[in-house]
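A structural walkthrough
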Amino acid sequence: MLKVESAVVRYGQITALHGVSFEVDQGEIVTLLGANGAGKTTTLRMLSGLHTPASGVISFEGRDITKVPAHQFANMGISHVPEGRRIFSVMSVEENLDMGAFGRKDNYDDDMERVYTMFPLLKDRRKQLGGNLSGGEQQMLAIGRALMSRPRLLLLDEPSMGLAPMIIDQIFRIIGEIRESGTTVLVVEQNAAQALRLADRGYVMENGRIAFTDEASALLDDPRVRAVYLGETID
Amino acid sequence: MSSYIAAGLFAGLIYSMVALGYTLVYGVLRLINFAHSEVLMSGGFAGYFFLHYFMKSNNEPTGTRVLLLIGALVASGAAGAVVAMLVERFAYRPLRRRNAPKLTYLISAIGASYFLLNFAGKEFGRNPISPPSPISATLQWNILGTQVSLFDVVLLIVTLVLFFGVNVLVNKSKVGRSIRAVAQDQETATLMGVNVNSTIAATFAIGGFMGGIAGLFVGMSSVVDYNMGFTPALLAFTAAVLGGIGNIRGAMVGGVVLGICMYVPIYWIGQPYYEPVIGFSILVLVLLVKPTGLFGESLGRSA
Amino acid sequence: MSVDEPRRTHFNKEDVRLAATCVASGLLLAVMTGPAGNPESPLEAARLSLFTGHVWGFLLFGIVVAVISVFRRKVRNGEWQSSRAVPRRSMKAYFGDFLASMSTSWWVAFFALAVLLALAIADFTGPYVPGKLSFVQLFTQLHDTRTYGYIGFLWWIINSIRLRRSVHARHGVLPGFMKTPVFRILASAFGGFIFAFCADPWLPERFSFSYFKFGGGSTTAFLSHLPTWLWTACGLLLGVRAVLGERNKTVHANRLRARQFAVSSNTSIALYGIGLFAAFEAPKFLSPFWQEAIFQQIGIFCFLAIGLNIVVGFAGLLDLGYVAFYAIGAYVNAYFSGALPIQPPFILNPFLSIPVAILVAMTAGVLLGLPTLRLRGDYLAIVTLGFGEIVYVLANNLQNLTGGAGGSGVIGNFSINVPLVHLSLNGQALGQDLDFYYLLLAFMIPILILFTSLNNSKVGRSWAAIREDEVAAASLGINGLKYKVMAFAIGASTSGVAGVLSSVKQGILFPSNFALQVSITVLVLVIFGGMGSITGVLIGSAVIGWLLQFLLFHSFIDYQDADKYMYIGALLILTMIFRPQGIWPAKRRAREFHDAEIGLGTADAVGEPAEGPLA
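What you see is a predicted model, and the numbers here were worked out from it, not measured in a lab.

Further remarks concern the overall build of chain B. For chain B, the helix and strand inventory stands at eleven helices and two strands. Along the chain direction, N to C, the helices and strands of chain B fall in the order α-α-α-α-β-β-α-α-α-α-α-α-α. Taking 303 residues into account, the globule formula puts the C-alpha radius of gyration at 19 Å, and chain B, at 19 Å, falls close to it. Considered along the principal axes of its C-alpha atoms, chain B spans approximately 55 × 45 × 35 Å. Residue burial in chain B is summarised as follows: out of 303 residues, 66% are buried. Once local pairs closer than 6 in sequence are excluded, the contacts in chain B between residues at least 24 apart make up 78%. Accessible area for chain B stands at about 10200 Å²; split by element, carbon and sulfur atoms hold 68% of it.

Next comes the structure, spelled out in structure tokens:
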């Protein structure tokens, strides 16, 4: 469904991604792991057009999308939940969801209903300003907003960052539900254990490159992953 | 005294319209658009040319006058919008693409302002000219001891209609939603599918439209001149800061309050050319006492 | 667009847009330099510009730029092959490749184009004659020696680029002697000579061989003009630098990295020496017009620019009311000369009113700065703009204080009356414009040394810290407000000194000398030269100052002095777009600009840090 071939991304003269290649198949949950600065967020930002690769090819559902401008990604079926939620703080919850459906010309009332049934809390606060929500609620809103464009591929950047464990469980459960409903998910996560339990496959990034990849369950048992990301010492 | 208040009020309406341009651009880009004074000037010239070519004599029938007025409003508004968009396209967008530091935007906008100012001076001459006015100067009413002319009434109606329109546009329409989204977070707005460049262009166009129409009124009340924009724009900026820059309602109220605050002291001083001095003192005062202005700074909250 | 769609080589929308922009710029230039209009028939001027011979030169220019830009884009996108395909290269490199890879037929065509272009340039920069807007006039230009000068100059540029490129490129074989450093240095010097030939502004006679005779007055003999030899020397130096730069590969690499000229210390000392020598000697050989301009129109602006550079370049603040302090200095001097309607308690010689002017301007700077420098930088810009306007309005309207729009009384001269030395300027004793110039130089040189050492001191480092990241600077205990006010006050006092100097020269003060335009002009000098680089600011001021004076009598059709602001405005935009660090940037400033673009630091103290990379 999504295929990245040796993508290079530069910030000025600093190279953030040195030729990253990976694939995401229809209906999968794939997770990107890696230390801070490994290039996970840059990869996601590249996949939603916020960075244009200096070289390499990105294709989505068979189309070359390498040079498509960022604002057309939502309409193509790629939705991005950015790091730190980034919800519109002086818009109401409902307006935030409206923004999620910005590119749609058809009626999206039932999608809004779907988001509200997924996150009943949001329905109660639909008139409140986004900035007045708690962290967990903001994350729910950010995910709900991303779902409003009916994406076929959902990019999640650190969905558990700064949230209470109970909320994290809830968020991960909902990511599972989203996959059940047919949306492919690519998730970047610091919380490697939880991400790997949910995901089908994982890629481990180091210094702007894909270091290795495997099935999620295999990665959970991989000593390298356990040592670095799960905080265990190698016996 | 009351006539000074009225004069301040009507001058303030013009500042309000210009202030809106500053406010919208500031709300979206967090930048002062230094070239806005030339938007005003281009509106003034467009209105002048429209009236110069289409108004044949000073005693046209009322129906024709109304049509001429509407035509001049549209022409000057359109000219203002086009010039504002050109400024955005050539002085701002190339820098935005490169993510340049803020100082460069200010300098490039000053450059655009100077270029337009003197380009107009070269192409249209540097002598002030008076456009023929389709609004009868003889019609006047005495309200509460103040002479109110037809010009003032037209100005009031046009300003109210435009502000109502812009308010609806920004708060209810899809363009308005994208403007507010871009104002809050450009990158996330992009992720939602908003085309940031065209949204910013639309913002400049809306502000430019209002600025151009303000230019027409400035021209009709005094003269059209290549540097007619400077003083009204400086005062309008003061008005925008006074109302809370980035806030649409603030621009409206700020303009009127500034107009009145400026004209009342002139009643005591008796020297009209101290207008900018008073306006500037008000600006410094506002910045020192309450830099966020009367209504606070936020485009999103203007609903 | 699908993945397996082949890369097309025909022109797409982007190419067309790029080409259209270039051609449209050419047309805009034609209108800008065309005849002036009037409000009765505003389109007449544009029509005259666009439908006469006049426009063709600029159109041609636009087309040349368009071809090069599209070529460059194509190569960058990998659709066309250049001789050395590297992903990102400069316009110059593409242009060079383009020239180097041309076949002979193209080469002839290109030469023809260069001739036409030279004709056009000669036409537009030449004096106004009736019927200028016609092809006939264009071709009568062929009688003008300057036209040949321009042809030669263009030919020289194109050919030297071509030669340089073909040294690297695979195609094209050069005769061996052309590759020797001596030949290249001499060729460069010859280029400078040719340029002097084109730029020589005060030639009454064209195309006569007497023009090349040695001896004779400075107005008739080209070879006895100092500028001729100065330009030749410039060409020579450029050649030396090019050859040295090539020999020293690391210097070359550094230069590419910092996007600026890197000059070794020996060369730079030599350059400063030559600069100083030229500054002292050259003016003596100038025509009376330039002897006056070099003080009032160039020197004073240089001086102002150096002061403003402290504020804009070092502290990263935008001050648009700079002219106010200039006015304050001038009026302080006028007051103590007794030239204002209100009489001073005692009359002071302008030399003695300089310290007073410094004090007053500095106080005004601190008083304006203390409250406003707490504000965000963009507010500062508009507050200073307002302040400049207020001073102007007050000077214009306070009849019984400043004399109002009618001007002040006559201001006294500089004089020194101590035992043994009895000098007075601006009068009969020395009586020359050059005296003012040397006086200015006497003030300028210590100030330059002072500002350079200031920038290298703790104060300079604090300014740099504030520009780059004010919050971080504060966390290190740097009092941002203090250093900003300091920069503001130093700038203001420099401006005050300039005010005194120029007020004596002018003799009578008119408020119109202190309009906003002065601030903007000075800003352009600082920005064009390179913010924060004293050498850059000097070079920028000299170049632009010279150009603006040059335009005055070698002007475009209907050129008026006020039109210069149009070009200044356009130059500001173009500098910001293409080279925000200026033509001769300070290393640190250039890097700051570059860092700010990729999201590190702010490069100015104007506002909140730039937000992340935008779409």
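What follows is about the overall build of chain C. A count of helices and strands for chain C gives 24 helices and two strands. Here chain C holds 615 residues, and 51% of them are scored as buried.

Residues and elements named next belong to chain B. Mapped onto the secondary structure, Glu-38 falls in helix α2 (residues 36–54). For the buried Glu-38, no salt bridge exists, and the shortest N-O distance to an oppositely charged side chain is 11 Å, to Arg-126. If near-sequence neighbours (up to four positions away) are discounted, Glu-38 is found in contact with Val-83, Ser-113, Leu-116, Leu-117 and Tyr-226.

For the rest of this paragraph, the subject is the interface of chain C and chain B. Opposite the 73 residues of chain C that make contact, chain B presents 56 residues. Around 5600 Å² of area is buried between chain C and chain B when both sides are counted, 69% of it from carbon and sulfur atoms. The interface formed by chain C and chain B holds two salt bridges in total. Residues Asp-563 of chain C and Arg-126 of chain B are paired through a salt bridge, measuring 2.5 Å at the closest nitrogen-oxygen approach. Linking chain C to chain B there are two residue pairs in polar contact (both at pLDDT 80 or more). Counting residues per element, the ones that place at least two in the side of chain C that touches chain B are α1 (13–33), α2 (42–50), α15 (377–397), α21 (516–529), α23 (564–578) and α24 (587–597) of chain C. Broken down by element, the side of chain C that touches chain B gets its largest block of residues, 13 residues, from α15 of chain C.

Turning to the pairing of strand β3 (residues 29–34) of chain A, a few remarks are in order. Residues and elements named next belong to chain A. Of all six residues in β3, six are buried; the element is thus mostly enclosed. What you see with β3 is no split at all: Ile-29, Thr-31 and Leu-33 on one side and Val-30, Leu-32 and Gly-34 on the other are buried throughout. Note that β3 and strand β9 (residues 201–206) share five bridges and pair parallel. Within β9, the position partnered with Gly-34 by the bridge is Met-205.

As a further point, take the sheet that holds strand β10 (residues 209–215) of chain A. Residue and element names in this part refer to chain A. The strand order β6-β7-β8-β3-β9-β10 describes an open sheet built from six strands, whose pairing is mixed. Strand pairing shows two members of the sheet lacking a second neighbour, β6 (78–81) and β10, which therefore form its edges. Across the sheet, the mean angle from the axis of one strand to that of its neighbour is 15°, orientation sign disregarded. Looking at chain direction, β6 and strand β7 (residues 153–157) are connected through four bridges and run parallel. Its bridge partner lying in β7, Val-81 is registered against Leu-156. Each of β3, β6, β7, β8 (184–188) and β9 is contacted by helix α1 (residues 40–47), which is oriented at about 150° to β7, the strand it contacts most. Here helix α6 (residues 135–147) sits on the sheet in contact with β6 and β7, set at roughly 170° to β6.

What follows is about the packing of helix α6 (residues 174–184) of chain B against helix α8 (residues 196–221) of chain B. All names here are of chain B. Their axes nearest at 9 Å, the elements α6 and α8 cross at an angle of 105°. As summarised for this structure, α6 and α8 are arranged roughly perpendicular, according to the angle between their axes. Residues Val-175, Ser-178, Ile-179 and Val-182 of α6 form the contact with α8, whose participating residues are Val-196, Thr-199, Ile-200, Ala-202, Thr-203 and Ile-206. Its residues assigned to classes, the contact of α6 with α8 shows seven nonpolar, three polar and no charged.

Membership of the largest hydrophobic core comes to 223 residues, with the highest contact counts inside it found for Phe-34 and Phe-217 of chain B together with Trp-463 of chain C. In terms of residue count, the dominant contributor to this core is helix α1 (residues 2–29) of chain B (16 residues). If we ignore the near neighbours within four places in the chain, the residues touching Phe-217 of chain B are Ile-14, Met-17, Leu-73, Phe-151, Val-154, Leu-155 and Val-158 of chain B. One finds Leu-97, Ala-146, Val-187 and Leu-219 of chain A within the second-largest nonpolar core, a separate group that totals 45 residues.

Taking 1.5 Å of rise per residue, the 21 residues of α15 of chain C would be expected to cover 30 Å, and the 30 Å separating its terminal C-alpha atoms lies within 8% of that figure. Judged by how many residues are buried, α15 of chain C sits mostly within the fold: 17 of 21 residues are covered.

Moving on, we come to a nonpolar patch on the surface. Residue and element names in this part refer to chain B. A surface patch of nonpolar side chains, amounting to about 510 Å² of accessible area, comprises Met-1, Ile-5, Tyr-267, Trp-268 and Ile-269. With three residues, the single largest contributor to the nonpolar patch is helix α10 (residues 248–269). Here Met-1 is to be found in the segment before α1.

All right, on to the environment of Ser-353 of chain C then. Residue and element names in this part refer to chain C. Inspection of the secondary structure puts Ser-353 in helix α14 (residues 350–372). For Ser-353 and Val-332, which are 21 residues apart along the polypeptide, the C-alpha to C-alpha distance reads 7.3 Å. When residues no more than four places from it in sequence are discounted, the contact partners of Ser-353 are Val-332, Asn-333, Phe-336, Leu-348 and Val-500. Side chain to side chain, Ser-353 and Asn-333 meet in a polar contact 2.8 Å long.

With that out of the way, let us pick up the side chain of Asp-563 of chain C. Mapped onto the elements, Asp-563 of chain C comes out in the loop between α22 (534–553) and α23. Excluding its chain neighbours within four sequence positions, the residues that come into contact with Asp-563 of chain C are Lys-122 and Arg-126 of chain B together with Asp-558 of chain C.

Quick look at the pattern of salt bridges now. Residues and elements named next belong to chain A. Applying the stated rule across the entire model yields 26 salt bridges over all chains. Salt-bridge contacts for Arg-114 lead to Asp-111; the nearest nitrogen and oxygen are separated by 3.7 Å. Taken together, the residues Arg-114 and Asp-111, both in helix α4 (residues 109–118) and three residues apart, mark about one turn of the helix. Measuring nitrogen to oxygen at the nearest pair gives 3.1 Å for the salt bridge that ties Asp-111 to Arg-150. Of this pair, Asp-111 sits in helix α4 while Arg-150 sits in the loop between α6 and β7, and the two are 39 residues apart along the sequence. Where salt bridges share partners, they join Arg-104, Asp-106, Asp-110, Asp-111, Arg-114 and Arg-150 into one cluster.

Across a sheet, strands are paired by hydrogen bonds formed along the backbone, either parallel or antiparallel in direction. Residue and element names in this part refer to chain A. Taken in spatial order, the four strands of this open sheet run β2-β1-β4-β5, and their pairing is antiparallel. Each edge of the open sheet carries a strand with a single partner, namely β2 (14–24) and β5 (63–64). As judged from the eight bridges shared by strand β1 (residues 2–11) and β2, these two strands associate in the antiparallel manner. From the neighbouring strand, Leu-2 faces β2, where its bridge partner is Val-24.

A few words on unusual backbone geometry. Residue and element names in this part refer to chain A. Residue Arg-150 is not a glycine yet carries a positive backbone phi of 50°. The phi angle at Asn-207 is positive, at roughly 50°, despite the residue not being glycine. Structurally, Asn-207 is set in the loop between β9 and β10.

The subject of this paragraph is the pairing of strand β2 (residues 146–149) of chain B. Taken residue by residue, a regular strand's side chains alternate between the two faces of the sheet. Residues and elements named next belong to chain B. One ladder, built from four bridges, connects strand β1 (residues 140–143) with β2; its direction is antiparallel. Its bridge partner lying in β2, Asn-142 is registered against Gln-147. Hairpin remark: β1 followed by β2, antiparallel, with two residues in the connecting loop; positive phi at Leu-144, about 50°.

Bringing the environment of Leu-448 of chain C into the picture now. All names here are of chain C. Inspection of the secondary structure assignment puts Leu-448 in helix α17 (residues 433–456). Among the residues examined, Leu-448 registers a relative accessible area of 17% and is labelled buried. Sequence separation of Leu-448 and Ile-306 is 142 residues, and the distance between their C-alpha atoms is 7.9 Å. Each residue touching Leu-448, except ones within four places of it in the same chain, is listed here: Ile-306, Ile-534 and Leu-538.

Cut-off values and rules
- Residues numbered from 1 in each chain as written.
- Chains lettered and ligands numbered in written order.
- Predicted model: local features only at pLDDT ≥ 70, side-chain atom pairs only at ≥ 80, totals over all residues.
- Heavy atoms only, no water.
- Helix = DSSP H or I, 4+ residues; strand = E, 2+ residues; numbered from the N terminus.
- Rg over C-alpha atoms; globule rule 2.2 N^0.38 Å.
- Buried < 20%, exposed > 50% of the residue type's maximum accessible area, 1.4 Å probe, protein only.
- Contact = heavy atoms within 4.5 Å.
- Areas by Shrake-Rupley, 256 points an atom, 1.4 Å probe, with all protein chains shown as cover.
- Lys, Arg positive; Asp, Glu negative; His and termini not counted.
- Salt bridge = Lys/Arg side-chain N within 4 Å of Asp/Glu carboxyl O.
- Buried area = accessible area lost by both parts, 1.4 Å probe.
- Polar contact = N/O pair within 3.5 Å; in protein donor to acceptor, adjacent residues only side chain to side chain.
- Pairing = 2+ DSSP bridges.
- Axes fitted to C-alpha atoms, helices over the stretch in contact; angles between N-to-C directions.
- Parallel < 35°, antiparallel > 145°, perpendicular 65-115°, else oblique.
- Nonpolar A, V, L, I, M, F, W, Y, C, P; charged D, E, K, R; others polar.
- Core = buried A, V, L, I, M, F, W, Y, C linked by side-chain atoms within 4.5 Å.
- Expected span 1.5 Å × (residues − 1).
- Patch = residues over 30% accessible without salt bridge, like charges linked within 9 Å, V, L, I, M, F, W, Y side chains within 5 Å.

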